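Close look at the chain arrangement
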Amino acid sequence: MESYKFEVQRIQDAFLQAVKSSAQLPNAAVSALQSAFPSAQFSIHASGKHLTTGGVFTDGDRNLLDDVLRLLLVHLSEQAVAAGQRLMHFTLTGCSSPILRRLLDLVRWITEAGFGATASASTPTGSGLVRVLDLASFCRLVEDMLEIGTIVDCQDVFVYMEQNMEFLKSEYQQQQQQAQQQQAAQTAADKGGQAGGAAAPAKPTAQMNQSMLAILRACNNVLRRLSKATDVQLCGRVLVFMARLYPLSDRSGLNLQWAVNTGLPLPVDEVGPHDVDSSGQPIDPRLYTTMWGLQAVFKAPVQALQLPVWARVSSEISTVLDEFERLPITVLALGPAAAADVEGG
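Cut-offs and rules
Residues numbered from 1 in each chain as written. Predicted model: local features only at pLDDT ≥ 70, side-chain atom pairs only at ≥ 80, totals over all residues. Heavy atoms only, no water. Helix = DSSP H or I, 4+ residues; strand = E, 2+ residues; numbered from the N terminus. Contact = heavy atoms within 4.5 Å. Areas by Shrake-Rupley, 256 points an atom, 1.4 Å probe, with all protein chains shown as cover. Axes fitted to C-alpha atoms, helices over the stretch in contact; angles between N-to-C directions. Parallel < 35°, antiparallel > 145°, perpendicular 65-115°, else oblique. Left-handed = near helix turned anticlockwise from the far one by under 90°. Nonpolar A, V, L, I, M, F, W, Y, C, P; charged D, E, K, R; others polar. Salt bridge = Lys/Arg side-chain N within 4 Å of Asp/Glu carboxyl O. Buried < 20%, exposed > 50% of the residue type's maximum accessible area, 1.4 Å probe, protein only.

1. Section: the overall build of the chain
Secondary structure assignment for the chain yields 13 helices and four strands. Long-range pairs, those at least 24 residues apart, make up 63% of the contacts in the chain with a sequence separation of at least 6. Within the structure as shown, the chain displays about 19700 Å² of accessible surface, and the carbon and sulfur contribution to it stands at 56%.

2. Details of the environment of Gln-34
For Gln-34, the position within the fold is in helix α2 (residues 25-36). As a C-alpha pair, Gln-34 and Ala-14 span 20 residues in sequence and 8.8 Å in three-dimensional space. If we ignore the near neighbours within four places in the chain, the residues touching Gln-34 are Phe-42 and Ser-43.

3. A closer look at the packing of helix α3 (residues 59-83) against helix α5 (residues 135-148)
Running from N to C, α3 and α5 point in directions that differ by 25 degrees, and their axes come no closer than 10 Å. With respect to α5, the element α3 is oriented roughly parallel. Handedness of the α3/α5 crossing: right-handed. Contacts between α3 and α5 involve Asp-66, Leu-69, Arg-70, Leu-73, Val-74 and Ser-77 from the first element and Ser-137, Arg-140, Leu-141, Asp-144, Met-145 and Ile-148 from the second. The class makeup of the residues in the contact of α3 with α5 is six nonpolar, two polar and four charged.

4. Remarks on the pattern of salt bridges
Applying the stated rule across the entire model yields 11 salt bridges. Taking the shortest distance from any N to any O, the salt bridge between Glu-316 and Arg-312 comes out at 3.5 Å. In this pair, Glu-316 and Arg-312 both sit in helix α12 (residues 307-326), four residues apart, roughly one turn of the helix. Of the charged contacts, one joins Glu-323 and Arg-326 as a salt bridge, the two residues approaching to 2.7 Å between their closest N and O atoms. Of this pair, Glu-323 and Arg-326 both sit in helix α12, three residues apart, which is roughly one turn of the helix. Residue classification places Glu-323 among the buried residues on the basis of a relative accessible area of 13%. Using a relative accessible area of 56% as the deciding quantity, one classes Arg-326 as exposed. Look at the salt bridges and you will find they share partners, linking Asp-105, Arg-108 and Glu-112 into a network.

Printed below as a string of structure tokens:
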């Protein structure tokens, strides 16, 4: 037990030194990996985007690194809370950038990078790279930050996630391709190499499940903490983030059992020609009635299969969308970037 604690502390110190340094991400990451796992003999590939190794980096090393990074994030978060600073703004003495953002950037770079010349189960076949960390490791760190942080901290974290949307989507797509290739190989083996038959949808890999479920779980936990009355913008931001990240075919967004609550009462308030909303703006009775009247169809969508109903619904949806396009809603930006703009202005 003592030897394990010593190893954890040694690796944590190596990565703390890396996030506190002002070195570029690749150099800082390799320096931390070299100190933490000297037997792996990590170095930067000539491309500057990947790693090479002259030794051995085992699954046990990978799991240990994952655990240490989460412990380090919790430790730094506790310091930020004690100092009364927002998590994504917290800096240590002598550091030029926020320490927790630097940690996430470091883990993101390590996640993208790989080493060796042999593909493994944790990377797409043919990439020639073995993962040092899986996408799930990065996603769990984000999940931990969202659980630890306040609502304001969650806003900052979602700004960071939106800035890294392409990274997340790229990793997700690579894992989907890996699942498809693995399933195609299994299908060919089951059929003895004979072609024929339609290919079934690819099943998600364990890594894909862990990473995507971590983000989905974190988003749902944040939504449960938010007030639908006072945190409307952040609620919308989280929902839009999920819609952009997950494909329409993802099981998390499908009603697989086709369960609908047809008995749910959805009354539409009567609006007069001179009524105004909570901000004092006049209400368009026709648009109001048309938009909220669509609830009746969404509550029991089977009725839309009838041609007369479908024609009416299509016309009403077009009316609502045309009105939204004519009167776009301006949503105020949130997070560090917006705060910087305000201060600079």
